[in-house]
Amino acid sequence: MRQGYLWAAFCLWALTFPLLQASSDGLVRIGLKKWRLDYNRIRAARMARRAKSIGGVVKSMYQGLGDSDGESVLLRNYMDAQYYGEIGIGTPPQNFTVVFDTGSANLWVPSTKCHFSIACLFHSKYNSRLSTTYIDLGKEGEIHYGSGSISGVFSQDNVQVGSMAIKNQVFIEATREASLVFVLGKFDGILGLGFEEIVVGNATPVWYNLLRQGLVQEDIFSFWLNRDPQATDGGEIVFGGVDKRHFKGQHTYASITQKGYWQFEMGEFLIGYQSTGFCEAGCAAIVDSGTSLIAGPTAIVTEINHAIGAEGIVSQECKEVVSQYGNMIWDLLISRVQPDAVCSQIGLCNFNGSQIERSGSSYCPRIKTVVEEEDARGTKVGNEVWCTACEMTVIWIQNQLKQRKTKEIIFSYVTELCQSLPSPMGESVVDCGRVPYMPDVTFTIADKHFTLTPKEYVLKTGEGITTVCLSGFIALDVPPPRGPLWILGDIFMGVYHTVFDYGNLQVGFAEAMQ
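The residue count restarts for each chain, going from 1 along the sequence in the order it is written. The model is predicted, so local features are restricted to residues of pLDDT at least 70 and side-chain atom pairs to those at 80 or more, both for listing and for counting; the totals for chains, interfaces and linings are taken over all residues. Only hydrogens and water are set aside; all other atoms, that is, all heavy atoms of the structure, feed into the side-chain values.

Novice: Just give me the short version of the overall build of the chain, but keep the residues and values in it.
Specialist: Each helix and strand counted, the chain has 13 helices and 30 strands in total. Burial classes: relative accessible area under 20% of the type maximum marks a residue as buried, over 50% as exposed, and values in between as partly exposed (1.4 Å probe, protein chains only). Out of the 514 residues belonging to the chain, those deemed buried represent 60%. Surface accessibility of the chain: about 20500 Å² in total, with carbon and sulfur atoms responsible for 51%. Under the DSSP-based scheme used, a helix requires at least four consecutive residues in state H or I and a strand at least two consecutive residues in state E, with every element numbered from the N terminus. In short, Shrake-Rupley with a 1.4 Å probe defines the accessible areas, and a residue's cover is counted only from the protein chains shown.

As structure tokens, this is what we get:
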């Protein structure tokens, strides 16, 4: 049973911070290490990356963007679920690992003033007293995410990105990180690369300061994400240019239709090269390096997952509860134990007499913090799956017992019910053995097809009997006027090298080198 991941994270967490290295091609590269990811951490990473608030004319052209003359930052690949690199803040620089996120615009890192958030205990923290260039701005700020929030104080200091030294950059010292996903995330903070229209607190984004201070040669940046989790480098972001070694052929460009996110218009979507009828008249889409997977409207993602035989993760957990705890639940109900106390007695929920409190593990004590009490919603998503599955199983078995059905019939019926459960966070698992037989999926951008094979849109973790394969598609319904909306995250960007052309307000895609 996949439990106890929070406790394990507390006990085993370790971060290392590599040193700057100069390369022979004139680029300053940051050496980065990898860290293996298990199933639960993939789920947490996906929650962190997709849980942000979501707030034309398309043409294809080739632009000679030059050789790799820009500043590059190597990225770390966290099992295809997190890509992050290192920056420095202050004088002398204090190092932090950050997600370079095109879906937000602020820079924030944990602060030494953060005393009551578990996430701060396990990540590097900015100490303003150690920096000779620190300026206290005396203003508070808060950023809300779908799975939690961060809050803190606005400060100003110098920021080092590769060999580029940004003067007087405004950022948030996070004094509170109210979400479990920040505990499990391998990154310390987030460096937003979205447009200033979505910045919080009127701070000038890092990218804008790079331009205004003349630190980049061209007003573009590009992403290459290495999809091989065993490779030394997780990828590279190049500021002010592109590295031609990272892609094949020419980029296809789509114009930005709405500033804020890197939003453009997408055409028809195909499954197995067959039209779905969705997006024939065009759909809004954003390319977001801060989202692990590909998110889209429920109607079409349901079609995709049906075509690939995907099954909601809640369904999987539900069936495991029936398999591993079914007999115990049966015995407790037969013994006339109060139904809403059954799951607490087997350790999947905590029962306080009148209500059930979610618990993520039956093998470690419940750990309460100020953050949990102040923002229970931030931890509820990560902890409730097993408890919820158990509660539903108890209800179903209890109802069938009232009808005097046999144990065999009841367990068969409950397993069938598990099969049809939706997943609250949109995740779906697939049969790893079926991956070679799944259909390709195709996005149409600027009248050109961009295809993903099953091997490219399925995340695989674990080895042997512990192997789990996850669908790269999640359902996310964004209401008007922003939606309906597609979010093309790291799964798409890993296959297609992506250029963010700020000067011409467009994004470009070309086949990535692997």
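Novice: Tell me about the nonpolar core, and name the residues and values.
Specialist: Residues belong to one nonpolar core when they are buried, are Ala, Val, Leu, Ile, Met, Phe, Trp, Tyr or Cys, and are joined through side-chain atoms within 4.5 Å. Residues F239 and W486 are the most contacted members of the largest nonpolar core, which totals 81 residues. Ranked by the residues each element gives to this core, the list is headed by strand β17 (residues 283-287), at five residues. Domain segmentation is taken from an automatic or database assignment of domains. When residues of this core are assigned to domains, at least three map to each of domain 1 (34-47 + 73-215) and domain 2 (235-312 + 422-512). Grouped together as the second largest cluster of nonpolar side chains are 26 residues, W330, M392, I397 and V414 included.

Novice: Now, about the packing of aromatic side chains: what can you tell me, with residues and values included?
Specialist: For any pair of aromatic rings, geometry is given as the distance between the ring centres together with the angle between the planes. In this scheme Phe, Tyr and Trp rings, the latter by its six-membered ring, pair at centre separations within 6.5 Å, and the angle between planes marks the pair as stacked below 30 degrees, edge-to-face above 60, and tilted otherwise. One pass over the full model with this rule turns up 28 aromatic pairs. Pairing Y208 with Y502 gives two aromatic rings, centres 5.4 Å apart and planes at 75°, and the pair type is edge-to-face. One end of the pair, Y208, is in helix α5 (residues 206-212); the other, Y502, is in the loop between β29 (496-501) and β30 (506-511), with 294 residues separating them in the sequence. Like Y502, Y208 is buried. On the basis of an interplanar angle of 70° and a centroid distance of 4.9 Å, the ring pair of F269 and F443 is categorised as edge-to-face. Taken together, the residues span a long stretch of sequence, with F269 in strand β15 (residues 269-271) and F443 in strand β23 (residues 441-445) at a distance of 174 residues.

Novice: Explain the pattern of salt bridges residue by residue, including any values.
Specialist: We define a salt bridge as a contact between a side-chain nitrogen of Lys or Arg and a carboxyl oxygen of Asp or Glu at a distance within 4 Å. Enumeration according to the criterion identifies five salt bridges in this entry. In this structure, E196 and R212 form a salt bridge, with 3.8 Å as the shortest nitrogen-oxygen distance. Of this pair, E196 sits in the loop between β10 (189-192) and α5 while R212 sits in helix α5, and the two are 16 residues apart along the sequence. According to the relative accessible area criterion, E196 is partly exposed, its value standing at 34%. Across the pair E511 and K248 runs a salt bridge whose closest N-O atoms are separated by 3.5 Å. In this pair, E511 is assigned in strand β30 and K248 in the loop between β12 (235-239) and β13 (252-255), connecting sequence segments 263 residues apart. Its relative accessible area of 42% is what places E511 among the partly exposed residues. Take K248: its relative accessible area is 41%, and that puts it in the partly exposed class.

Novice: Explain the environment of D188 to me, and be specific about the residues and the numbers.
Specialist: With respect to the secondary-structure elements, D188 resides in the loop between α4 (180-184) and β10. For D188, a relative accessible area of 1% puts it in the buried group. C-alpha of D188 to C-alpha of T97: the two residues are 91 residues apart in sequence and 5.3 Å apart in space. At a separation of 3.3 Å, a polar atom in the side chain of D188 contacts the main-chain amide nitrogen of S124. In protein, a polar contact requires one atom able to donate a hydrogen and another able to accept it; more generally it is a pair of N or O atoms within 3.5 Å, and residues adjacent in sequence count only if both atoms are side-chain atoms.

Novice: Before we move on, can you summarise the environment of L130 with the specific residues and values?
Specialist: Turning to its location among the elements, L130 is positioned in the loop between α3 (118-121) and β7 (135-145). The exposure class assigned to L130 is exposed, which follows from its relative accessible area of 55%. Each C-alpha atom of the pair L130 and P93 lies 9.3 Å from the other, and the pair is 37 residues apart in sequence.

Novice: How would you sum up the sheet that holds strand β14 (residues 263-266)? Please name residues and give values.
Specialist: The strands that make up a sheet are held in pairs by hydrogen bonds between backbone atoms, and each pair lies either parallel or antiparallel. Strand pairing is assigned whenever DSSP detects at least two bridges linking the two strands. One open sheet holds the five strands; their spatial order is β14-β17-β28-β18-β27, and the pairing between them is mixed. Two strands bound the open sheet, and with one partner strand each, they are β14 and β27 (473-475). In this sheet, neighbouring strand axes are inclined to one another by 25° on average, regardless of whether the strands run parallel or antiparallel. One ladder, built from three bridges, connects strand β18 (residues 294-296) with β27; its direction is parallel. Across the sheet, G296 pairs through a bridge with A475, a residue of β27. Contact definition: two residues touch when any of their heavy atoms are within 4.5 Å. Between N-to-C directions, angles span 0 to 180 degrees; the directions come from axes that are lines fitted to C-alpha atoms, helices contributing only their stretch in contact. Contacting β18, β27 and β28 (485-488), helix α6 (residues 298-307) runs over the sheet at an angle of about 140° to β27.

Novice: I'd like a rundown of α6, residues and numbers included.
Specialist: For the α-helix, the turn length of 3.6 residues means that residues three or four positions removed from each other point alike. Along α6, the positions that sit buried rather than exposed are I300, V301, I304 and N305. Down the axis of α6, the sector holding all buried residues measures 135°, keeping them to one side. Exposed residues pointing more than 90 degrees away from the buried face of α6 are listed as A299 and H306. Looking at the buried residues of α6, the elements they touch are β15, β18, β22 (428-430), β26 (468-471), β27 and β28. G309, located one to two residues past α6, shows a positive phi value of around 70°. When we speak of the arc, we mean the arc of directions from the helix axis to the C-beta atoms.

Novice: Give a description of the state of the cysteines that names residues and reports values.
Specialist: Here, two cysteine sulfur atoms that lie within 2.5 Å of each other are counted as a disulfide. This model, assessed by the stated rule, comprises five disulfides. What pairs with C279 in a disulfide is C283, and their sulfur atoms sit 2.0 Å apart. Between C279 and C283 the sulfur-sulfur dihedral comes to about -100°; the bridge is accordingly left-handed. Since its relative accessible area comes to 10%, C283 is described here as buried. Sulfur-sulfur distance for the disulfide between C432 and C469 comes to 2.1 Å. The disulfide joining C432 to C469 has a torsion of about 120° about its S-S bond and is therefore right-handed. Taken together, the residues span a long stretch of sequence, with C432 in the loop between β22 and β23 and C469 in strand β26 at a distance of 37 residues. Under the relative-accessibility criterion, C469 is labelled buried at 2%.

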